[in-house]
Every structure is written in structure tokens, then in C-alpha cells.
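Chain and residue survey
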Amino acid sequence: MAELKVGRAIGAALHQAISEILPARVEFYEEWLTLDRIREGTLSRAKVGAVLSFLRQEPSGYNEVVGRAGHHTAEWSLDVLPSFRGRLLCQVPLSLRVWGGLRRGARLIRGLHSDGRLRWTRRRGRVVVTIEGSLFCQVRVHSSAPLCRFYSTLLERCLESFEVPCSIESTRCRGVGHEVCEFSVQPK
């Protein structure tokens, strides 16, 4: 049975974030996040899962590392898109910009790992985003706090690229025991 692979961006972003926030621990995490595996695209979900598991056991740093990794992933992915499309979409009404930013985020998440699915609906002036198949929230023992910081930071950056400043709050998380991860997005 073949191992499930994850996109290069997750491995590279996690490696970069660990070297920025936990520089003394880079050598430890390179046991799983080897640059050769990242470069060749052979990084497995099991190896990323091991890194995330060890990060959650660090005295501090999990939220900062995965948040920074989400930011890096969005930045690197947004840099390769044609800038004219982004400039054009920044001139349309807010509801279309929110749709464009979330659509960009959905494509990004689907490209990072095959079972990641992002869906959204509008409810009472806010947007409710649901992520199924969260790589960061697959845990054996439930956490006391949401583990979805990677996705909230990634989505926030995608929306900012469409000039939609917003606040994103995690309302449900698979890591805590819910069926899906859910965020409330409130454009400012």
C-alpha cells in the first residue's frame, strides 16, 4: 500500500517556520522533514503527522509554528499567481472578493493534501468555513484547544490578498473532538 503524500509546500513551510521560531530544535525535526524528501515531493502524511505530534508536546511554539507555516504557504502560493487577476478582483464588491479569497484558499488546501476540502456558507453577515480532512487536527488523543491555526492563517492571508481584512475564529475542531473543523470569518 502506497503512503499518502503531502504537497511540498507544507513540508517546506513547516521547516522554515521551525527554523524561525524554534531554531535550536531544527536538527531534531529534520529527522522527518528532510530537505531531500521535501524537494523530491516524497514527504508522507505519517512524517508530517510525527512532526505535528512532537510540536504539540513542545512547551511553547505549536500555534506559532503552524501559524507561521500557514502564512508562508499562502505567501509562496500567492506569489506564483498572475498579479493582474488579483488587482482586477480587488475592485469588485466585497462579497465577490470574499468568494475569490475563499476559492483561492480552497484550491490551495486541496493541493496541499488530497483529502482536504474547504466549503463555506453565509450566515447572518458572516461566513462559516468548514474544512474536512484536516491534516493538522488528526490526533489520537483529543486536544483541549483547537489545532487549526495553519488553516485560519492561510485563509486570512488569502482573503487579505483580495483586500478583505477579516477576523477568523475557530468554532469547531476535529482535534478537540468535532467531526469537522469550522471557522467563523467576519470581514471588517
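Further up the page is the structure itself.
Below is a summary of the structure that appears in this document. It should be emphasised that the depicted structure is a prediction, and the values quoted were computed from it without experimental measurement.

Below, the discussion takes up the nonpolar core. Counting residues in hydrophobic clusters, the biggest one holds 53 residues, and the most contacted among them are Leu14, Ile18, Leu55, Val129, Phe136 and Phe150. The contacts of Val129, once residues within four sequence positions are left out, are Leu102, Leu118, Arg119, Trp120, Leu155, Cys181, Glu182, Phe183 and Val185.

In this structure, the largest pocket encloses a volume near 450 Å³. As for the largest pocket, its lining consists of 20 residues, of which Ser53, Arg56, Val139, Val141 and Leu147 are closest to the centre. Among the elements of the structure, helix H4 (45-57) and helix H5 (62-79) are those that each provide at least two residues to the lining of the largest pocket. The element best represented in the lining of the largest pocket is H4, accounting for six residues.

When two helices pack together, their arrangement is given by the angle between their axes and by how far apart the axes lie. Packing of helix H1 (residues 8-21) against H4 leaves a shortest axis separation of 11 Å and a crossing angle of 30 degrees. As summarised for this structure, H1 and H4 are arranged roughly parallel, according to the angle between their axes. Between H1 and H4 the crossing geometry is left-handed. Here H1 contributes Ile10, Leu14 and Ile18 to the contact with H4, which in turn contributes Val48, Val51, Leu52 and Leu55.

Notably, Glu163 is not glycine yet its phi reads approximately 55 degrees, a positive angle. Turning to its location among the elements, Glu163 is positioned in the loop between helix H8 (149-160) and strand E3 (166-172).

Moving on to the pattern of salt bridges. Throughout the structure, instances matching the rule amount to seven salt bridges. Of the charged contacts, one joins Glu58 and Arg25 as a salt bridge, the two residues approaching to 2.9 Å between their closest N and O atoms. Taken together, the positions of Glu58 in the loop between H4 and H5 and Arg25 in the loop between H1 and helix H2 (26-29) put the pair 33 residues apart, joining distant regions of the chain. Among the salt bridges present, the one from Glu75 reaches Arg157, with a minimum N-O distance of 2.1 Å. With Glu75 in helix H5 and Arg157 in helix H8, the pair connects residues that are 82 residues apart, well separated along the chain. Note on Glu75: relative accessible area 23%, which makes it partly exposed.

Analysis parameters
Every chain's residues receive numbers from 1 upward, in the order its sequence appears when written. Given that this is a predicted model, residues contribute local features only at a pLDDT of at least 70 and side-chain atom pairs are listed and counted only at 80 or more, while totals for whole chains, interfaces and linings are drawn from all residues. Side-chain numbers here rest on the full set of heavy atoms in the structure, without hydrogens or water. Only buried residues count toward a nonpolar core. Its members are Ala, Val, Leu, Ile, Met, Phe, Trp, Tyr and Cys residues joined through side-chain atoms within 4.5 Å. Residue exposure (1.4 Å probe, protein chains only): buried if accessible area is under 20% of the type maximum, exposed if over 50%, otherwise partly exposed. Contact definition: two residues touch when any of their heavy atoms are within 4.5 Å. Using a 1 Å grid laid over the protein atoms alone, points where a 1.4 Å probe fits but cannot get out form a cavity; open sets with protein on both sides within 12 Å along at least 5 of 7 lines form a pocket; any residue with an atom within 4 Å of a point counts as lining. Grid points are joined across faces, edges and corners, and a volume is the space filled by probe spheres set on the points. Secondary structure elements are taken from DSSP: a helix is a run of H or I of four residues or more, a strand is a run of E of two residues or more, and numbering for both begins at the N terminus. Orientation is described by lines fitted to C-alpha atoms, with helices fitted over the stretch in contact, and by angles between N-to-C directions that extend from 0 to 180 degrees. We call two directions roughly parallel when the angle between them is under 35 degrees, roughly antiparallel when it is over 145, roughly perpendicular when it lies between 65 and 115, and oblique otherwise. Crossings are classed by handedness, with left-handed meaning an anticlockwise turn of the near helix from the far one by less than a right angle and right-handed meaning a clockwise turn. Salt bridge, as used here, is a side-chain nitrogen of Lys or Arg placed within 4 Å of a carboxyl oxygen of Asp or Glu.

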